[in-house]
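# Examining the three-dimensional arrangement
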There are 2 protein chains.
Amino acid sequence: MEYAGRGDAARTMMLLWDGLPAPQRGPRQRLDLPRIVDTAIAEADRAGPSALSMRSLAQALGIGAASLYTYVPGKAELLELMVDRVAGTQSLPSAANGWQTGLRDLAESDLANYRAHPWLLQIATSRTVFGPNVIARYEAALALLDGLDLPALDIANHIATLDSYTRGAAAPVVEAEQAFSHTGNTDDEWWTARAPLLDERLNNRFPHLTALATRGAFTVSSTTQPYTLQRALDRFTHGLSLLLDALTTRVTTAKTTT
Amino acid sequence: MEYAGRGDAARTMMLLWDGLPAPQRGPRQRLDLPRIVDTAIAEADRAGPSALSMRSLAQALGIGAASLYTYVPGKAELLELMVDRVAGTQSLPSAANGWQTGLRDLAESDLANYRAHPWLLQIATSRTVFGPNVIARYEAALALLDGLDLPALDIANHIATLDSYTRGAAAPVVEAEQAFSHTGNTDDEWWTARAPLLDERLNNRFPHLTALATRGAFTVSSTTQPYTLQRALDRFTHGLSLLLDALTTRVTTAKTTT
DNA sequence: CTCATACTCCGAACAGTGTACGGTCTAGTG
DNA sequence: CACTAGACCGTACACTGTTCGGAGTATGAG
């Protein structure tokens, strides 16, 4: 369940950019690729990433499991198609309010994307899916940093850094959200189950940790959200601000030295 | 293959901190927990994360598959044990050369850990494993930021940010490395297989992207490493520097306002 | 010493998974 | 009309994690 990009490169590219060519001979296709991908996304959203099986997907589509393979070479390719498709549903950032707000919007809509489709974090942990929508998003990010007199390499690196951070920091958010929605508890029961067991072990063994805890480092600002979720969200925006600050410094010093 | 922390909390804590209690009655245990965990790590390192099955692990240990369940409640718990164990093999940072170098060392030894054990990135994408070694690492990170007059919440957030970034940016590095070691090619064949297919599609459709490419943004400084790997490494240190810069700014401004 | 008890170990089975194969049937082309 | 490309799919294969029940073993109790 963790693979992507293992499929035939040419075939995948074809599917991503041109879709499925209509067959010349033989019976009509009962389904079309977008519908398959959409149903797969819906299934994965609803039942969790590991619950998306070729059989269950086929059943949801009203066809046999083996028939799926006439549309898609395998599950890996299907996942790539899903990734690119959901990338297309998110809004692209605008440079209207400055590049900083643009980048922030980009990161936050990425976060929204991860939250809407938790399976994104479980698959394809690294390889970029070179689909039209993914690349369009990258292009939009580049557009934001255009005209700032940055070295080309820095532009690519800055955006890669933001992407890496977003993905890494989105994971705890999504996890907290899922734990919440699965158990349905107001507080995180995973945490409350471990806290007493943990306290026992930490006794006097980790001074900085306990000091920080008593200083309230693990408390959270508001409690409109479940505890763990709110903390993950706080941390996401905290780190994002850090990165944007660093970028701002780089840009202005680059400008002044020019 | 992507779950962790689903097991019984109390039992997992026991295993993580106290190990397996020796049985009072019945035949001697043929194996011990550390040996199981170590073999599991070795297997996962060698054959990839998805190749680690309970059956293959049992075979490598010379016992039946079902016997594993007398040592470990399930695969999820085994993975947690593996995570904590490898966390213990990495060196802890020292504050001798300042907290910035300390944090940099921490992030870089985390990266080394991900490179040595690629399966780390595939499992437990979010939930912290509350094992002794993992917590010891966290404690060491806290110690670095101690005495800098930072608000408690900021300390926790800073470290969380670094962790998120490290994980996110380590993923491309590990992926590039694995693609290289699997194919054994000097250059990344995944990339070369897709490049011509990609060029075809990108024609005049993504101006910023093509402009950046011609300006050499996707080239790499040295070529002692495979192309994709070196680029991922460059990006890792680039983003790490960005974050450390931002942290330095925060710390100094906090000091001057005090 | 006896023996029940608690425990390890494991073969077999269960319900899954992704995917390959070969056959059946349909629909457009020469 | 005959032909054949190709959609559709039942079945099978080699896996997966985990459970069950039985067989064997070492220990503590009486």
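Residues numbered from 1 in each chain as written. Chains lettered and ligands numbered in written order. Predicted model: local features only at pLDDT ≥ 70, side-chain atom pairs only at ≥ 80, totals over all residues. Heavy atoms only, no water.

### Observations regarding the overall build of chain A
From N to C terminus, chain A includes eleven helices and zero strands. Mapped from its N terminus to its C terminus, chain A presents α and β elements in the order α-α-α-α-α-α-α-α-α-α-α. Expressed as a percentage of the 258 residues in chain A, the buried residues total 52%. Sequence-distant contacts in chain A: of pairs separated by 6 or more residues, those separated by 24 or more amount to 73%. (Helix = DSSP H or I, 4+ residues; strand = E, 2+ residues; numbered from the N terminus. Buried < 20%, exposed > 50% of the residue type's maximum accessible area, 1.4 Å probe, protein only. Contact = heavy atoms within 4.5 Å.)

### Quick notes on the relation of the copies chain A and chain B
At an RMSD of 0.0 Å, chain A and chain B line up after a rotation of 180° and a shift of 0.0 Å along the axis. What we have between these two chains is a two-fold relation. In this assembly, 100% of the residues forming the interface of chain A have copies in chain B that are likewise at the interface, indicating an isologous arrangement. (Least-squares fit on C-alpha atoms with pLDDT ≥ 70 in both.)

### Some thoughts on the interface of chain A and chain B
A common measure of how large an interface is: the accessible area buried when the components associate. With 77 residues of chain A in contact, the opposing surface of chain B contributes 78 residues. The junction of chain A with chain B conceals about 7000 Å² of combined surface from both sides, 64% of it contributed by carbon and sulfur atoms. Between chain A and chain B we count four salt bridges in total. Notably, a salt bridge pairs Asp-245 of chain A with Arg-250 of chain B, separated by 2.6 Å at the nearest N-O pair. Where chain A packs against chain B, one counts 14 residue pairs in polar contact (both at pLDDT 80 or more). (Buried area = accessible area lost by both parts, 1.4 Å probe. Salt bridge = Lys/Arg side-chain N within 4 Å of Asp/Glu carboxyl O. Polar contact = N/O pair within 3.5 Å; in protein donor to acceptor, adjacent residues only side chain to side chain.)

### Some remarks on the UniProt feature "DNA-binding region" (unreviewed entry) in chain A
The residues that UniProt annotates with the feature "DNA-binding region" (unreviewed entry) are residues 53–72 of chain A. The distance from the first to the last C-alpha atom of residues 53–72 of chain A is 14 Å, and the span holds 40% helix and 0% strand. (UniProt positions renumbered as here; feature names shortened; annotations may be inferred.)

### Details of the protein's contact with DNA strand D
DNA strand D sits among 28 residues. The nearest are Arg-30 and Tyr-71 of chain A together with Arg-28, Arg-55 and Lys-75 of chain B. One of the side-chain nitrogen or oxygen atoms of Arg-28 of chain B is found 2.7 Å away from a phosphate oxygen of DNA strand D. Residue Arg-55 of chain B places a side-chain N or O atom 2.7 Å away from a base oxygen belonging to DNA strand D. Taken together, the residues that form the surface near DNA strand D break down as eleven nonpolar, nine polar and eight charged. (Near = heavy atom within 4 Å. Nonpolar A, V, L, I, M, F, W, Y, C, P; charged D, E, K, R; others polar.)

### Describing the protein's contact with DNA strand C
DNA strand C sits among 28 residues. The nearest are Arg-28 and Arg-55 of chain A together with Arg-30, Gly-64 and Ser-67 of chain B. The contact in question runs from a sugar or linking oxygen of DNA strand C to an N or O atom on the backbone of Gly-26 of chain A, over 3.3 Å. Met-54 of chain A has a polar backbone atom sitting 2.9 Å from a phosphate oxygen of DNA strand C. Broken down by class, the residue content of the surface near DNA strand C amounts to eleven nonpolar, nine polar and eight charged.

### What about the pattern of salt bridges?
Residue and element names in this part refer to chain A. Taken as a whole and assessed by the stated rule, the structure comprises twelve salt bridges over all chains. Between Glu-177 and Arg-115 there is a salt bridge, and its shortest N-O distance comes to 2.6 Å. With Glu-177 in helix H8 (residues 152–183) and Arg-115 in helix H5 (residues 98–116), the pair connects residues that are 62 residues apart, well separated along the chain. The exposure class of Arg-115 is partly exposed, given its relative accessible area of 29%.

### A few points about the packing of aromatic side chains
In this structure the tally under the stated criterion is four aromatic pairs over all chains. With 6.4 Å between their ring centres and 80° between their planes, Trp-17 of chain A and Phe-206 of chain B make a pair best called edge-to-face. Taken together, the residues Trp-17 of chain A in helix H1 (residues 9–17) and Phe-206 of chain B in the loop between helix H9 (189–202) and helix H10 (207–214) connect one chain to another. (Phe/Tyr/Trp six-rings, centres within 6.5 Å; stacked < 30°, edge-to-face > 60°.)

### Describing the packing of helix H2 (residues 33–47) of chain A against helix H3 (residues 54–61) of chain A
Residue and element names in this part refer to chain A. Running from N to C, H2 and H3 cross one another at 115°; their axes reach a closest spacing of 10 Å. Between H2 and H3 lies a crossing whose hand is right-handed. In this structure, H2 contributes Arg-35, Ile-36, Thr-39, Ala-40 and Glu-43 to the contact, and H3 contributes Ser-56, Leu-57, Ala-60 and Leu-61. Among the residues forming the contact of H2 with H3, the class breakdown is five nonpolar, two polar and two charged. (Axes fitted to C-alpha atoms, helices over the stretch in contact; angles between N-to-C directions. Left-handed = near helix turned anticlockwise from the far one by under 90°.)

### Structural notes on helix H1 (residues 9–18) of chain B
Looking at H1 of chain B, one finds that the buried residues are Ala-9, Thr-12, Met-13, Leu-15, Leu-16 and Trp-17 of chain B. Where H1 of chain B terminates, the next one or two residues include Gly-19 of chain B, which has phi positive at roughly 75°.

### Here we look at the nonpolar core
The biggest cluster of nonpolar side chains holds 154 residues, and the ones touching the most others in it are Leu-78, Met-82 and Trp-119 of chain A together with Leu-78, Met-82 and Trp-119 of chain B. Excluding residues within four positions of it along the chain, Met-82 of chain B makes contact with Val-37, Ala-40, Ile-41, Ala-44, Leu-52 and Trp-119 of chain B. (Core = buried A, V, L, I, M, F, W, Y, C linked by side-chain atoms within 4.5 Å.)

### Details of the packing of helix H2 (residues 33–47) of chain B against helix H4 (residues 75–89) of chain B
Residues and elements named next belong to chain B. Where H2 meets H4, the axes come as close as 10 Å, and the angle between the chain directions of the two elements is 85°. When the axes of H2 and H4 are compared, the pair comes out roughly perpendicular. On H4, the residues that touch Leu-33, Pro-34, Ile-36, Val-37, Asp-38, Ala-40, Ile-41 and Ala-44 of H2 are Leu-78, Leu-81, Met-82, Arg-85 and Val-86. Partitioning the contact of H2 with H4 into residue classes produces eleven nonpolar, no polar and two charged. (Parallel < 35°, antiparallel > 145°, perpendicular 65-115°, else oblique.)

### Topic: helix H4 (residues 75–89) of chain A
All names here are of chain A. With 15 residues, H4 extends 21 Å between its outermost C-alpha atoms, agreeing within 8% with the 21 Å of an ideal straight helix rising 1.5 Å per residue. Counting buried positions along H4 yields twelve of 15 residues, so the element is predominantly enclosed. Residues of H4 that are buried include every one of Lys-75, Ala-76, Glu-77, Leu-78, Leu-79, Glu-80, Leu-81, Met-82, Val-83, Asp-84, Val-86 and Ala-87, and no others. (Expected span 1.5 Å × (residues − 1).)

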